[in-house]
Amino acid sequence: MKTLRVYLRLARLLAVISLGALLAAGITLLERLARHDLMPTRQRLTRWFLARLAAALPFRLQVQGELPREPMLWVSNHVSWTDIPLLGMLTPLSFLSKAEVRTWPVAGWLALKAGTLFIRRGSGDSSLLNQQLGKHLQQGRNLLIFPEGTTTDGLGLRTFHGRLLSSAIDCGVALQPVAIRYLRNGQPCSVAPFIGDDDMLSHLLRLLGSDLGEVQIQLLTPIASTDLNRNALARAAQQSIREALFGATNTEPTAETQGQAA
């Protein structure tokens, strides 16, 4: 029965990915014919696709809070590659991802066509990247980054890096903190985290073979970027998400698992 469940879920997932590939190819052709960027259309189609992808994953989703009515720089804790479809289904978004994702079969190409910006860790290109982020924000487009720079097991938060928040300050755009939590039978989920030596295929098969898990997404109070430097802004966002995940008076476990940013 478990094997059959995996096959059925995998078939549905492959069907959704195939549909996404067709959409990506279609928008690429339209951009060539129109000879200009169709990013707003790409974002809307990406949201539609990610909603179908999220529905094909074995999760029950609960969303708390209100979607912002104006473009913001979204910041979230990072547990798994599944964060992307689960958050991307909420509103048209562009993502910032590590450069290695660009090389992933199919997923890397889809990410590129969805308008994802890629960063190579340690390359010293944060100034140029902030200019790219700022261009998106100035054009009224939502962006989402994972300021921890890597995934964790969901039991703690790593330091939020402020170097990529300069774009919000320069553009006068607020931050939208988001807390995402994976649960299984009311306890932290050990299946969803994509960490350590996990590879995509092994993690996917393990996830598809599991029972339904629970995902809680909290859209927290936006943080104005005015009168704050990037480090203070990062600390404020981290504190907001920490309190949402672990409570105002409780501290999360100090041990954090090294992961890999999606």
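Residues numbered from 1 in each chain as written. Predicted model: local features only at pLDDT ≥ 70, side-chain atom pairs only at ≥ 80, totals over all residues. Heavy atoms only, no water.

The name recorded for the protein in an unreviewed UniProt entry is 1-acyl-sn-glycerol-3-phosphate acyltransferase, from Pseudomonas leptonychotis. According to the UniProt record, the Pathway (unreviewed entry) comment for the protein is "Lipid metabolism." (UniProt positions renumbered as here; feature names shortened; annotations may be inferred.)

**Q** Which residues make up the pattern of salt bridges, and what values do they have?
**A** The full count for this structure, using the stated rule, is four salt bridges. Across the salt bridge formed by Arg60 and Glu214, the nearest N and O atoms sit 3.7 Å from each other. Highlighted residues: Arg60 in strand β1 (residues 59–64) and Glu214 in strand β8 (residues 213–219), separated in sequence by 154 residues. Here Glu214 falls in the partly exposed class, since its relative accessible area comes to 27%. (Salt bridge = Lys/Arg side-chain N within 4 Å of Asp/Glu carboxyl O. Helix = DSSP H or I, 4+ residues; strand = E, 2+ residues; numbered from the N terminus. Buried < 20%, exposed > 50% of the residue type's maximum accessible area, 1.4 Å probe, protein only.)

**Q** Can you explain the environment of Arg206? Please cite residues and give values.
**A** Inspection of the secondary structure assignment puts Arg206 in helix α7 (residues 200–208). Given the relative accessible area of 36%, Arg206 is considered partly exposed. Once the C-alpha coordinates of Arg206 and Val191 are considered, the two residues, 15 residues apart in sequence, prove to be 7.2 Å apart. For Arg206, the contacting residues outside a window of four places in its chain are Val191, Pro193 and Asp198. (Contact = heavy atoms within 4.5 Å.)

**Q** So, the pairing of β8: which residues are in play, and what are the values?
**A** Across the seven residues of β8, six count as buried, placing the element largely inside the fold. Summarising the sheet, strand β6 (residues 175–184) and β8 pair through six bridges and their orientation is antiparallel. Looking at β8, one finds that Tyr182 is bridged to Val215. (Pairing = 2+ DSSP bridges.)

**Q** Lay out the nonpolar core with the relevant residues and their values.
**A** Judged by nonpolar contacts, the single largest core of 63 residues is most densely connected at Leu175 and Tyr182. Considering every element that reaches this core, the biggest residue donor is helix α8 (residues 230–246), with seven residues. For Leu175, the residues in contact, after removing those within four places along its chain, are Met72, Leu73, Val75, Leu165, Ala168, Pro222, Ile223, Leu233 and Ala237. (Core = buried A, V, L, I, M, F, W, Y, C linked by side-chain atoms within 4.5 Å.)

**Q** Would you mind going over the confidence of the model for the protein in detail, with residue names and values included?
**A** For the protein, the mean per-residue pLDDT works out to 88, and 92% of the residues sit at or above 70. Summarising per-element confidence for the protein, the mean pLDDT is lowest in strand β4 (residues 117–119) (80) and highest in β8 (98). With pLDDT under 50 throughout, residues 254–258 is counted as low confidence; its partners more than four residues away or in other chains account for 13 contacts. (pLDDT = per-residue confidence, 0-100.)

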